[in-house]
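Coordinate inspection notes
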Amino acid sequence: QARLVEFGGGSVQPGGSLRLSCTVSGSLFKIAIMGWYRQTPGKQRELVADITGDGATKYAEFVKGRFTISRDNSKNSVYLEMDNLKPEDTAVYYCHLEKPPYIQATIRDYWGQGTQVTVSA
């Protein structure tokens, strides 16, 4: 019902920037809550930021002031602009789609395959 593909990851020095993109195939994008999560080896996947269909955003405290999430509903895409990157931002970043709660479905969400972000000198 939905397929998510991320791109834009890479390796940067501390203080650098990266812009991640996620494109979605499916009909639910415009009303879905889209999010970016990240995961490092041995740790739980954690929420970085999310954005509702009408543009309301939420950020984890550790990225406030540095990351910006946005979406373009005409392109079925969500983005994560990452500025002033730190070594602790190193992780695999995943795109996430959550169906609205009023939609009845067995599968409530979908994940992308992930894209690696590495921040080091």
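Cut-off values and rules
Residues numbered from 1 in each chain as written. Predicted model: local features only at pLDDT ≥ 70, side-chain atom pairs only at ≥ 80, totals over all residues. Heavy atoms only, no water. Pairing = 2+ DSSP bridges. Helix = DSSP H or I, 4+ residues; strand = E, 2+ residues; numbered from the N terminus. Axes fitted to C-alpha atoms, helices over the stretch in contact; angles between N-to-C directions. Core = buried A, V, L, I, M, F, W, Y, C linked by side-chain atoms within 4.5 Å. Buried < 20%, exposed > 50% of the residue type's maximum accessible area, 1.4 Å probe, protein only. Contact = heavy atoms within 4.5 Å. Salt bridge = Lys/Arg side-chain N within 4 Å of Asp/Glu carboxyl O.

Backbone hydrogen bonds hold the strands of a sheet together, and the pairing may be parallel or antiparallel. The sheet built from four strands is open, its strands ordered β1-β3-β8-β7 with antiparallel pairing. Among the strands making up the open sheet, the edge pair consists of β1 (3–7) and β7 (67–72). Here the average twist between neighbouring strands, direction ignored, is 15°. The pairing of β7 with strand β8 (residues 77–82) spans six bridges and is classified as antiparallel. Residue Ser70 lies in a different strand from β8, and its bridge partner there is Tyr79.

The next thing to look at is the nonpolar core. Grouped together as the largest cluster of nonpolar side chains are 29 residues, with contacts concentrated most on Leu4, Met34, Trp36, Leu80, Met82 and Tyr93. Where this core is concerned, the elements lending two or more residues are β3 (18–25), β4 (33–39), β5 (46–51), β7, β8, β9 (91–98) and β11 (115–119). When neighbours within four sequence positions are excluded, Leu4 is seen to be in contact with Cys22, Thr23, Val24, Met34, Cys95, His96, Leu97, Tyr110, Trp111, Gly112 and Gln113.

With that settled, the discussion passes to the environment of Ile69. Relative to the helices and strands, Ile69 resides in strand β7. Distance from Ile69 to Pro100, taken between C-alpha atoms, is 19 Å for residues 31 residues apart in sequence. Not counting chain neighbours up to four residues away, the residues in contact with Ile69 comprise Met34, Gly35, Trp36, Ala49, Asp50, Ile51, Thr57, Tyr59, Val78, Tyr79 and Leu80.

Attention now moves to the pattern of salt bridges. Taken as a whole, this structure holds five salt bridges when the rule is applied. Residue Glu46 pairs with Arg38 through a salt bridge whose shortest N-O separation is 3.0 Å. For Glu46, a relative accessible area of 32% puts it in the partly exposed group. You can call Arg38 buried: its relative accessible area is 6%. One salt bridge connects Arg66 with Asp89, and the closest N-O pair in it is separated by 2.7 Å. Highlighted residues: Arg66 in the loop between β6 (57–59) and β7 and Asp89 in the loop between β8 and β9, separated in sequence by 23 residues.

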